[in-house]
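Structure at a glance
Okay, here's what each chain looks like letter by letter:
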Amino acid sequence: MGHEYQTGHEYKSSACPDYEALLEDSISGEIGGADAIRLSEHLKTCAGCREAREHVSLTPRLLHLAEATADPGPGFSRNVMARIRTDRDVRTERGFWQPLVSMGWRFAATATLALALLVAYDSTFHVEKPAQQAPTLEAARIPDMFSPDSGRVPSSRDEVLMMVAEDEHAKH
Amino acid sequence: MPDVPKDVAASASTVAIPLGRRTRAEEERDLVRQAQSGTEAAFEELIRRHQQRVLALVGSILRRREDVEDVAQQVFLKVFISLKRFDLRSAFSTWLYKITVNECWDYLRKKKVRPLVYEADLSEEQVSRLDGIVSADRPVAGASEQAEVKETLEWMLGKLPEQDQQLLVLKEMEGFSVQELAEILDLNVNTVKVRLFRARSRLMDVYRRRTSPGSTKSGSHSANAERKS
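Residues numbered from 1 in each chain as written. Chains lettered and ligands numbered in written order. Predicted model: local features only at pLDDT ≥ 70, side-chain atom pairs only at ≥ 80, totals over all residues.

1. Regarding the overall build of chain A
Quick reminder of the rule: Only DSSP runs of H or I with at least four residues qualify as helices, and only runs of E with at least two residues qualify as strands; both kinds are numbered from the N terminus onward. The burial label depends on the number of other C-beta atoms within 10 Å of a residue's C-beta. Counts of 20 or more mean buried, 12 or fewer mean exposed, and intermediate counts mean partly exposed, with C-beta atoms placed from the backbone.
When its secondary structure is counted, chain A shows seven helices and two strands. Here chain A holds 172 residues, and the buried ones make up 15% of them.

2. Observations regarding the overall build of chain B
How we decide: Think of it this way: build a C-beta for each residue from its backbone, and any pair within 7 Å is a contact.
Scanning chain B from N- to C-terminus turns up nine helices and two strands. In chain B, the succession of α and β elements from N to C terminus is α-α-α-α-β-α-α-α-α-α-β. Out of the 229 residues in chain B, the part that is buried amounts to 32%. Within chain B, contacts between residues at least 6 apart in sequence are counted, and of these 69% link residues at least 24 apart.

3. A look at the packing of helix 1 (residues 20-28) of chain A against helix 3 (residues 47-56) of chain A
The relative placement of two packed helices is expressed as an angle between their axes plus a distance between the axes. All names here are of chain A. Stated precisely, the cut-off is as follows: Think of each axis as a best-fit line through the C-alpha atoms, taken over the contacting stretch in the case of a helix, with angles from 0 to 180 degrees between the N-to-C directions. Oblique is the label for any angle not under 35 degrees, not over 145, and not in the 65 to 115 range, which are roughly parallel, roughly antiparallel and roughly perpendicular in turn. Take the far helix as the reference: if the near one is turned anticlockwise from it by less than a right angle, the crossing is left-handed, and if turned clockwise, right-handed. Nonpolar residues are Ala, Val, Leu, Ile, Met, Phe, Trp, Tyr, Cys and Pro. Charged residues are Asp, Glu, Lys and Arg, and all others, Gly as well, are polar.
Between helix 1 and helix 3, whose axes approach to 11 Å, the crossing angle comes to 40°. Classified by the angle their axes make, helix 1 and helix 3 are oblique. The hand of the helix 1/helix 3 crossing is right-handed. Residues Leu-23, Ser-26 and Ile-27 of helix 1 pack against Cys-49, Ala-52, Arg-53 and Val-56 of helix 3. When its residues are assigned to classes, the contact of helix 1 with helix 3 shows five nonpolar, one polar and one charged.

4. Notes on the interface of chain B and chain A
In this assembly, 40 residues from chain B lie in contact with 36 residues from chain A. Of all the secondary-structure elements, those providing two or more residues to the side of chain B that touches chain A are helix 2 (40-62), helix 3 (65-82), helix 5 (124-136), helix 6 (142-158), helix 7 (162-173) and helix 9 (189-211) of chain B. A per-element tally of the side of chain B that touches chain A places helix 9 of chain B first, with 13 residues. Class assignment for the residues of the side of chain B that touches chain A results in 20 nonpolar, eight polar and 12 charged.

5. What to know about the environment of Leu130(B)
Positionally, Leu130(B) belongs in helix 5. The contacts of Leu130(B), once residues within four sequence positions are left out, are Val149(B) and Thr152(B).

6. Some points on the nonpolar core
Spelled out, the test is: Any set of buried Ala, Val, Leu, Ile, Met, Phe, Trp, Tyr and Cys residues joined through C-beta atoms within 7 Å is what this text calls a nonpolar core. For each domain, the first and last residues come from an automatic or database assignment.
Among the nonpolar cores identified, the biggest contains 64 residues, and Leu23(A), Val58(B) and Ala72(B) are the most heavily contacted of them. If one sorts the elements of this core by residue count, helix 2 of chain B sits on top with 10 residues. Among the domains, domain 1 (8-111) and domain 2 (117-225) of chain B are the pair contributing at least three residues each to this core. In contact with Ala72(B), other than residues within four places in its own chain, are Val54(B), Leu55(B) and Val58(B).

7. Focus on the confidence of the model for chain A
Residue and element names in this part refer to chain A. Definition in use: Confidence scores per residue from the predictor, reported as pLDDT, run from 0 to 100.
In this model, chain A carries a mean pLDDT of 80, and residues with pLDDT of at least 70 account for 77%. Taken element by element, chain A is modelled with least confidence in strand 1 (residues 5-7), mean pLDDT 41, and with most confidence in helix 1, mean pLDDT 94. In this model residues 1-9 is a low-confidence stretch, pLDDT under 50, and it forms 16 contacts with partners more than four residues away in sequence or in other chains.

8. What about unusual backbone geometry?
Residue and element names in this part refer to chain B. The backbone of Leu-88 sits at a positive phi, close to 65°, despite the residue not being glycine. Mapped onto the elements of the fold, Leu-88 is located in the loop between helix 3 and helix 4 (92-111). Classification of Leu-88 as exposed rests on a count of 12 C-beta atoms within 10 Å. Even without glycine at this site, Asp-186 takes up a positive phi of about 55°. Relative to the helices and strands, Asp-186 is located in the loop between helix 8 (178-185) and helix 9.

9. A closer look at helix 7 of chain B
Residue and element names in this part refer to chain B. Basically, it comes down to this: Expected helix span is taken as 1.5 Å per residue step, with the number of steps being one fewer than the number of residues.
Compared with the 16 Å implied by 1.5 Å per residue over 12 residues, the 16 Å span of helix 7 between its first and last C-alpha is a close match. Within helix 7, 10 of the 12 residues are buried, leaving the element largely enclosed by the surrounding structure. Within the sequence span of helix 7, burial applies to Asp-164, Gln-165, Gln-166, Leu-167, Leu-168, Val-169, Leu-170, Lys-171, Glu-172 and Met-173. With its phi angle positive at about 75°, Gly-175 sits one or two positions after the end of helix 7.

What follows is the structure, encoded as structure tokens:
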């Protein structure tokens, strides 16, 4: 027997779920043979299915009132073919330049990578270099009394003494 | 010429339909093969054969007249590009309609809109006119009445879930078979039938609610609102 059930979107039907497909066939006029006999026997005893069938029986007439989409005519296929030709031309043109374009992209990518590596190496080098060469504070304060002047090289013991004396004099 | 018994005549007519269909299917296969080998005229003929149904299918999903033709053209462009990959194992129409459905959903996703929803109510005159036509079982007279009936039906369909609208429009207005709908929507034939039956029931709920005495009839059916997702 038919029973009421409900799903989303306010759907409420009194039809038996097992017979809904057959009821649809019957409404569409696409039922015959054993299915027609089976449904007919069922409808004799099921008021729910009879009611559900009656409820929707108007839908074909209602929906057939609206006309189907009109054929757009030969203009449509001509437009499509024109679009296809344009698209193919663009693809062909792109195909001609494609090897050069892809080579250019590869070159650009390699150059970018090389530049990035150089920048990374350079920044690392600059960070480490001052740390290695920076003199300590104490070393900066001690005067170098014994290193010879880069321009002058003493040739005798007297000259060494003279240079030390000149340095001392210059400081005072 | 002797009279042909009714049962024989019936069986002859039932044989004639598949033969006709097979010929058309074979013809279409030849056209596809020719188009695959680069014959443009063959592809143009395929477009001519299917343009109306592709437009109907796109229209049933997008429900936006200004975009329908553009999307339908895009569908045929895609079909042309991927035609060489089509292996002829299924019918060309099934393959074409599946591409159409996917293209429509892609389009809606890209545009980030959902199909049109009719938010305003119908006018009392529109409802009573439609009811008069249906109850008198008379044909629609004239272009203006046809336009009004279509608008009223679209309003009613707009009150249903999208899949219900699509099934009813394609089956009843555009003449797609249940088998075709099952293939296009990747559903079981039985599932399509059940969904169609339920969609009919929901449509009639909307119709009865609007045409039964005492129902609220207010406002006018003028605004079509686009719901941004």
